[in-house]
Amino acid sequence: MNAMMRRVVIGTTAVSMALAVAACGKAGDDDNDSGSGDKTIGLLLPDSVTARYEKFDKPFFVAKVKELCSDCKVEYANAAGDAAKQAQQVSSMITKGVKVIVVSAQDSAAIKSSIQTAVDKGIKVVAYDRLAQGPVSAYVSFDNVKVGQLQGEALLASLGAKATPKAKVVMINGDDADPNAGQFKKGAHEALDGKVDIAYEQSGLWKDTVAAQKMSAAITQLGAKNIAGVYAANDGMAGGIANTLKGAGISGIPLTGQDAELAGIQRIVAGTQSSTVYKAFKPEADAAAQIAVNLLDGKSIDSLATESLTSGSGDKVPSQLLTPVSVTKANITDTVVKDKLYTVAEICAGEFAAACKTAGLQ
């Protein structure tokens with residue numbers, strides 16, 4: 001090889017090596033200035049049955065991330081109620097090179113190993129709405145024991161003078177795989193125990209169909225005329241229970257809920273559900289987005305996650321807990337309407353128009 005050709009080959013090789021090094025640097029840099037995953041945050045939500053996740057949590061979270069970090073990207077996936085599917089989604093996020101994963105666990109214990117794998121890869125994990133097990137960096141949710149207390153107190157308030165230690169109440173709790181369900185139940189028992197008789201208590205697995213079946217079993221066991229009220233841990237299950245109560249000819253008894261779903265608010269207006277709990281979705285999603293972006297940028301979250309909770313795996317987790325609000329017919333206007341969660345027109349559509357007039361919403 002002559003000198004001229006040797007110089008060309010060496011020069012070409014040097015350029016190729018420089019480009020390769022630059023490419024490697026871009027894919028793995030910690031300064032988040034470039035690379036396919038360097039400014040990417042993963043958002044994993046647990047199911048599509050609960051209306052809030054797709055309708056509110058996801059768009060609010062994405063919008064806040066974009067507001068805080070215009071060149072950030074959000075990779076989204078929904079587990080559709082399948083813990084194994086969510087584990088696969090975590091693996092996919094790792095493969096895509098995301099730097100932070102925000103996850104609302106379908107099963108808080110089952111996801112522990114997936115979270116550990118992500119953390120081992122240098123990914124920060126934020127538990128959203130449900131406190132997942134494993135080495136998570138932060139947790140954003142509401143005071144879930146307080147949620148249960150509000151539900152129990154609303155049930156007692158609706159019962160009024162009928163709230164006696166002999167009054168039989170049916171209690172349909174959430175899925176035991178969700179740590180929030182245990183906290184809701186704890187708070188509700190703190191409010192109800194000793195004041196009414198929890199005569200039938202089962203898990204409805206966060207499914208309206210299961211809750212309806214459990215309610216039917218409770219009616220068979222206790223007798224339709226002997227049920228004073230029903231605690232349902234969320235609005236989705238309350239919907240199934242309301243249908244069962246109607247089918248059994250039971251009306252005028254308190255029925256709780258949670259999540260302030262549109263259908264739940266409409267049942268409150270119509271008088272087939274007595275209360276729900278409003279956990280403002282936007283502040284929760286915004287808080288999670290802020291913590292995620294801070295972690296992405298290597299900034300402190302101490303001023304955001306000012307409390308500490310211990311997860312089921314024994315990990316102490318910096319936490320940001322928001323305050324829930326009980327909603328009855330009396331304060332629909334001052335809560336979900338005021339916050340523009342729903343318009344009066346949405347709530348009062350169709351068959352609910354007359355009930356809305358009676359309730360003073362129209």
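Before reading on, note that the structure itself is shown above.
Sequence positions are assigned chain by chain, starting from 1 and proceeding in written order. In view of the model being predicted, local features appear only for residues whose pLDDT reaches at least 70, and side-chain atom pairs are presented and counted only at 80 or more, with totals across whole chains, interfaces and linings using the full set of residues. Side-chain descriptors were evaluated using all non-hydrogen atoms of the structure, hydrogens and water having been removed beforehand.

Asks: Can you tell me about the sheet that holds strand β8 (residues 227-232), naming the residues and giving the values?
Replies: At least two bridges found by DSSP between two strands is the condition for calling them paired. By definition, any uninterrupted DSSP run of H or I lasting at least four residues is a helix, any uninterrupted run of E lasting at least two residues is a strand, and each is numbered from the N terminus. Pairing within the open sheet is parallel, and its 3 strands lie in the order β7-β6-β8. Unpaired on one side and paired on the other, β7 (197-203) and β8 mark the two borders of the sheet. Between one strand axis and the next, the sheet turns by 20° as a mean value, whatever way the strands run. Where strand β6 (residues 168-173) and β7 come together, 6 bridges link them in parallel fashion. Within β7, the residue paired with V169 across the bridge is I198. Together, β6 and β8 form the strand contacts of helix α8 (residues 235-247), whose direction differs from that of β8 by roughly 155°. In this analysis, axes come from line fits to C-alpha atoms, helices being fitted only over the stretch in contact, and the angle between any two N-to-C directions falls in the range 0 to 180 degrees. Here, residues are in contact when the closest pair of their heavy atoms is within 4.5 Å.

Asks: Which residues make up helix α4 (residues 112-120), and what are the values?
Replies: Burial classes follow relative accessibility: with a 1.4 Å probe on protein chains only, a residue under 20% of its type's maximum area counts as buried, one over 50% as exposed, and anything between as partly exposed. For α4, the set of buried residues is S114, I115 and A118. Seen from one end, α4 has its buried residues packed into an arc of 100°, which puts them on one side. Phi for G122, located one or two positions after α4, is positive at around 90°. In this context, the arc is that of the directions from the helix axis out to the C-beta atoms.

Asks: Got a sec to walk through the state of the cysteines? Specific residues and values, please.
Replies: Criterion for a disulfide: a pair of cysteine sulfur atoms at a distance within 2.5 Å. In the structure shown here, the tally under the stated rule is 2 disulfides. The residue that forms a disulfide with C69 is C72, at a sulfur-sulfur distance of 2.0 Å. Taking the torsion about the S-S bond as the criterion, the C69 to C72 disulfide, at about 75°, is right-handed. Both residues of the pair, C69 and C72, belong to the buried class. Between the sulfur of C348 and that of C356 lies a disulfide, 2.1 Å long from S to S. Across the S-S bond of C348 and C356 the torsion is about -90°, and the bridge reads as left-handed. Each member of the pair, C348 as well as C356, is classed as buried.

Asks: Quick one: what's the story with the packing of helix α5 (residues 144-159) against helix α6 (residues 179-192), residue by residue and with numbers?
Replies: Interhelical geometry of α5 versus α6 gives an angle of 40° and a closest axis separation of 6 Å. Classified by the angle their axes make, α5 and α6 are oblique. Both α5 and α6 take part in a crossing whose hand is right-handed. Packed against α5, whose contacting residues are N144, V145, V147, G148, Q149, Q151, G152, E153, L155 and L156, the element α6 presents N180, Q183, F184, K186, G187, A188, E190, A191 and L192 at the interface. Each residue receives one of three labels: charged for Asp, Glu, Lys and Arg, nonpolar for Ala, Val, Leu, Ile, Met, Phe, Trp, Tyr, Cys and Pro, and polar for the others, Gly being one of them. In terms of residue class, the contact of α5 with α6 is made up of 8 nonpolar, 8 polar and 3 charged. Any angle from 65 to 115 degrees is called roughly perpendicular, while one under 35 is roughly parallel, one over 145 is roughly antiparallel, and all others are oblique. Each helix crossing is assigned a hand: it is left-handed if the near helix lies turned anticlockwise from the far helix by less than a right angle, otherwise right-handed if that turn is clockwise.

Asks: Run through the packing of helix α3 (residues 83-96) against α4, naming residues and quoting values.
Replies: At a minimum axis distance of 9 Å, the contact between α3 and α4 shows a crossing angle of 5°. Judged on the interaxial angle alone, α4 and α3 are roughly parallel. Seen from α3, the contacting residues are A87, V90 and I94; seen from α4, they are S114, T117 and A118.

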